[in-house]
Amino acid sequence: MGDQYQRAKRKTKGQGNWRIVRYADDFVVMVSGGRQHAEALREEVAQVIAPLGLRLSPEKTRVVHLDEGFDFLGFHIRRRRKRGTQKQCVHTVPSKKAVQAIKDKVARKTYRSTRRQSLAELITSINQTLRGWANYFRHGVSKRVFSLLDHHAWWRIVGWIRAKYSRIGMKELRRRFCDRGWRIAHDGVVFTGASSVAVTRYRYRGSTIPTPWTPNSAGLKVA
């Protein structure tokens, strides 16, 4: 809200500053100030959207401190101390709800009713599901979550194999259905999971992202 000078001026007067991040009808308003500034802004937002026939959902609208964290678009955003230092960093990780949702999908793919398909088909299906999920979350602090998710999926596949092939032992399972160590593979299809997607941290670009209100070098507005 405003340029750097205007924001500094508001701060010296004890007023709050804010920025809005929006995707479709979901948005977060980040406030630099006290709780009273955030609560006042919430009321102002409610007044602005009312003429549009919209209202804030009481269940989804909260005023929280960044140290408490909040969920937005499947991510949990929270400020924490960086391990081994006194530096405070904002971490963006897949939310617990998002992680549970993908675990539930993997569980459904390994239900008893799916044992009619081949192991190669199961591995392919789970790989596709995990890769799609990981591609969305690859810009967060997600490496550890990907690893834990793959661990969960690996055990679900192992349980599926043992149930399908008359409760075979782990040694027999490794001999027949693993190609390198304990990596599950069958008929040329290898379980790669979410960890096959490289984590690429998002770099903040701020006002360098073009908008319809960004003037170009000719003094015109970008359409």
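As the structure is a computational prediction, the values presented were derived from the model and not from experiment. (Residues numbered from 1 in each chain as written. Predicted model: local features only at pLDDT ≥ 70, side-chain atom pairs only at ≥ 80, totals over all residues. Heavy atoms only, no water.)

Visitor: Run through the overall build of the protein chain, naming residues and quoting values.
Guide: Secondary structure summary: the protein chain contains six helices and eight strands in total. Listing each helix as α and each strand as β along the protein chain from the N terminus yields α-β-β-α-β-β-β-α-α-α-α-β-β-β. Out of the 223 residues belonging to the protein chain, those deemed buried represent 26%. Sequence-distant contacts, at least 24 apart, represent 45% of the contacts inside the protein chain between residues at least 6 apart. Accessible surface computed for the protein chain: about 15900 Å², of which carbon and sulfur atoms make up 52%. (Helix = DSSP H or I, 4+ residues; strand = E, 2+ residues; numbered from the N terminus. Buried < 20%, exposed > 50% of the residue type's maximum accessible area, 1.4 Å probe, protein only. Contact = heavy atoms within 4.5 Å. Areas by Shrake-Rupley, 256 points an atom, 1.4 Å probe, with all protein chains shown as cover.)

Visitor: Talk me through the packing of helix H3 (residues 96–109) against helix H4 (residues 119–137); I want residue IDs and the actual numbers.
Guide: The contact between H3 and H4 brings their axes to 10 Å, and the two run at 170°. Accordingly, the angle class assigned to the pair H3 and H4 is roughly antiparallel. Contact residues: H3 offers Ala 98, Val 99, Ile 102, Lys 105, Val 106 and Lys 109, while H4 offers Leu 122, Ser 125, Ile 126, Thr 129, Leu 130, Trp 133 and Phe 137. Of the residues that constitute the contact of H3 with H4, the class distribution is nine nonpolar, two polar and two charged. (Axes fitted to C-alpha atoms, helices over the stretch in contact; angles between N-to-C directions. Parallel < 35°, antiparallel > 145°, perpendicular 65-115°, else oblique. Nonpolar A, V, L, I, M, F, W, Y, C, P; charged D, E, K, R; others polar.)

Visitor: I'd like a rundown of the packing of aromatic side chains, residues and numbers included.
Guide: All told, the structure shown has eight aromatic pairs when counted by the stated rule. Ring plane angle 65° and centroid distance 6.1 Å describe the contact between Trp 133 and Phe 146, whose orientation is recorded as edge-to-face. Of the two residues, Trp 133 is situated in helix H4 and Phe 146 in helix H5 (residues 143–164); the sequence distance between them amounts to 13 residues. Residue Phe 146 is classed as buried on the basis of its relative accessible area of 1%. Taking 4.9 Å as the distance between ring centres and 90° as the angle between the ring planes, the aromatic pair formed by Trp 154 and Trp 155 counts as edge-to-face. We classify Trp 154 as buried; its relative accessible area is 15%. Here Lys 164 stacks its cationic end above the ring of Tyr 165, 6.0 Å away from the centre of that ring. (Phe/Tyr/Trp six-rings, centres within 6.5 Å; stacked < 30°, edge-to-face > 60°. Lys NZ or Arg CZ within 6 Å of the ring centre and 35° of its normal.)

Visitor: Any details on the sheet that holds strand S4 (residues 75–81)? Residues and values, ideally.
Guide: Taken together, the three strands give an open sheet; going across it, the order is S3-S4-S5, and neighbouring strands pair in antiparallel fashion. Taken across any chain shown, the strands that pair with only one partner, and hence form the sheet edges, are strand S3 (70–72) and strand S5 (88–94). Across this sheet, the average inter-strand angle for adjacent strands is 30°, counted without regard to direction. Pairing analysis gives seven bridges linking S4 to S5, with the strands arranged antiparallel. By the bridge assignment, Arg 78 is partnered in S5 with His 91. (Pairing = 2+ DSSP bridges.)

Visitor: A description of the sheet that holds strand S6 (residues 178–180) should follow, citing residues and the corresponding values.
Guide: Judged by pairing direction, the sheet is antiparallel, and its three strands sit side by side in the order S6-S7-S8 without closing on themselves. Strands with a single pairing partner mark the edges of an open sheet, and in this sheet they are S6 and strand S8 (189–190).

Visitor: So, the packing of H4 against H5: which residues are in play, and what are the values?
Guide: Packing of H4 against H5 leaves a shortest axis separation of 12 Å and a crossing angle of 165°. What the angle tells us is that H4 and H5 run roughly antiparallel. At the point where H4 passes H5, the crossing takes the right-handed sense. For the pair H4 and H5, contact is made by Leu 119, Leu 122, Ile 126, Leu 130, Trp 133, Ala 134 and Phe 137 and by Val 145, Phe 146, Leu 149, Asp 150, Ala 153, Ile 157, Trp 160 and Ile 161, respectively. Residue classes in the contact of H4 with H5 are distributed as 14 nonpolar, no polar and one charged. (Left-handed = near helix turned anticlockwise from the far one by under 90°.)

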